[in-house]
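Chain and residue survey
What follows is each chain in one-letter form.
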Amino acid sequence: MRRIDASRTYRILESGPIVMVSTHDGVRPNIMTMGFHMMVQHAPPLIGCVIGPWDHSFAALHNTGQCVLAVPGADLARTVVDVGNCSGTEVDKFERFGLAMSRPAKVKAPLLGDCLYNIECVVHDDTMVEKYQLFILKAVAAWSNDARKERRFLHHHGDGTFTADGERFDLRDRMTLWRQFQVDL
Ligand SMILES: Cc1cc2nc3c(=O)[nH]c(=O)nc-3n(C[C@H](O)[C@H](O)[C@H](O)COP(=O)(O)O)c2cc1C
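In this text, all values refer to a predicted model and were calculated from it rather than measured experimentally.

**A word on the overall build of the protein**
- Regarding its fold elements, the protein presents 5 helices and 11 strands.
- Relative to its 185 residues, the protein shows a buried fraction of 38%.
- The contacts of the protein with a sequence gap of at least 6 include a subset with a gap of at least 24, amounting to 60%.
- Accessible surface for the protein amounts to roughly 11500 Å². Of this, 54% is attributable to carbon and sulfur atoms.
- Measuring between centres, the 21 positive side-chain charges of the protein sit 3 Å from its 22 negative side-chain charges.

**Examining the pattern of salt bridges**
- By the definition in use, this model includes 6 salt bridges.
- One salt bridge in this structure joins Arg168 and Asp165, with 3.3 Å as the shortest N-O distance.
- For Arg168, a relative accessible area of 64% corresponds to the exposed category.
- Take Asp165: its relative accessible area is 18%, and that puts it in the buried class.
- Where Asp170 meets Arg172, a salt bridge forms, and the shortest distance between an N and an O atom there is 2.8 Å.
- Residue classification places Arg172 among the partly exposed positions, given a relative accessible area of 41%.
- Members of the salt-bridge network, linked through shared partners, are Asp75, Asp114 and Arg148.

**Some words on the pairing of strand E8 (residues 117-125)**
- Note that strand E5 (residues 66-71) and E8 share 6 bridges and pair antiparallel. Looking at E8, one finds that Val71 is bridged to Tyr117.
- In the sheet, E8 pairs with strand E9 (residues 134-144) via 8 bridges, with the strands oriented antiparallel. Paired with Asn118 across the bridge in E9 is Trp143.

**Describing the site of the ligand**
- Taken together, 24 residues form the shell around the ligand, and within it Asp55, His56, Ser57, Cys86 and Gly88 come nearest.
- Between the ligand and Val50 there is a distance of 2.8 Å, counted from a nitrogen atom to a backbone nitrogen or oxygen.
- The backbone of His56 places a nitrogen or oxygen atom 2.7 Å from an oxygen atom of the ligand.
- Sorting the residues of the shell around the ligand by element identifies strand E2 (29-34), helix H2 (56-64) and helix H3 (77-83) as the ones contributing at least two each.

**Describing the UniProt feature "domain: Flavin reductase like" (unreviewed entry) in the protein**
- On the UniProt side, "domain: Flavin reductase like" (unreviewed entry) is annotated at positions that read residues 11-164 here.
- Between the end C-alpha atoms of residues 11-164 the distance is 15 Å, and the span holds 18% helix and 38% strand.

**Comments concerning the packing of aromatic side chains**
- Evaluation of the coordinates by the stated rule reveals 3 aromatic pairs.
- With centroids separated by 5.6 Å and ring planes inclined at 65°, the aromatic side chains of Phe58 and Phe135 adopt a geometry described as edge-to-face. Here Phe58, found in helix H2, pairs with Phe135, found in strand E9; they are 77 residues apart in sequence, far enough to count as distant. Residue Phe58 shares its accessibility class with Phe135, and that shared class is buried.
- Measuring from centroid to centroid gives 6.4 Å for Trp178 and Phe181, while their planes differ by 20°, and the two rings are stacked.

Criteria and cut-off values
- Residues numbered from 1 in each chain as written.
- Predicted model: local features only at pLDDT ≥ 70, side-chain atom pairs only at ≥ 80, totals over all residues.
- Heavy atoms only, no water.
- Helix = DSSP H or I, 4+ residues; strand = E, 2+ residues; numbered from the N terminus.
- Buried < 20%, exposed > 50% of the residue type's maximum accessible area, 1.4 Å probe, protein only.
- Contact = heavy atoms within 4.5 Å.
- Areas by Shrake-Rupley, 256 points an atom, 1.4 Å probe, with all protein chains shown as cover.
- Lys, Arg positive; Asp, Glu negative; His and termini not counted.
- Charge placed at Lys NZ, Arg CZ, Asp CG, Glu CD.
- Salt bridge = Lys/Arg side-chain N within 4 Å of Asp/Glu carboxyl O.
- Pairing = 2+ DSSP bridges.
- Near = heavy atom within 4 Å.
- Polar contact = N/O pair within 3.5 Å; in protein donor to acceptor, adjacent residues only side chain to side chain.
- UniProt positions renumbered as here; feature names shortened; annotations may be inferred.
- Phe/Tyr/Trp six-rings, centres within 6.5 Å; stacked < 30°, edge-to-face > 60°.

Listed below in structure tokens is the structure:
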């Protein structure tokens, strides 16, 4: 084994699907890119998300308690990076990147029409925001965009390096202890 610096941990564990976070601060919608997230609970579905106070999105999420997590396909890789390299304080990112908006059911933040999945969320617990910038979100509605041809998720390995989903293994028949969680998307 080659010992590596523990500060590189994110390069190993960050690689869940990269997501984009849409918010609406009451004036206009905004969008950012986020790699630091994790599932916390099945039911109700809770998601932990780290969003820094340096992000324009932080105040919108904190003040409105609402956002949308949009999962892009691999075809949107460049947009994902560009969205995460400019701020809604300076630009209207929906306009700059020509992002299509779709109407949400339960929150004010728009769905991203070009993404594979959109998850409408409300802030469930903000007690760890001050210490860790960690929001616990609850998914209140979810959408699948079945028209998109590119189905591969993008995984961020830190610092702008990505992989797209490769071969998928179906080992559901071995998940004997967890059958109650087996649902199709
Ligand atoms: C690949 C990638 C992953 C990112 N992950 C996060 C993250 O997990 N949390 C975060 O606060 N910012 C993250 N960022 C940075 C924000 O997306 C970036 O600061 C963005 O410009 C914020 O936009 P806003 O100021 O309009 O909210 C990431 C950026 C990129 C490119």
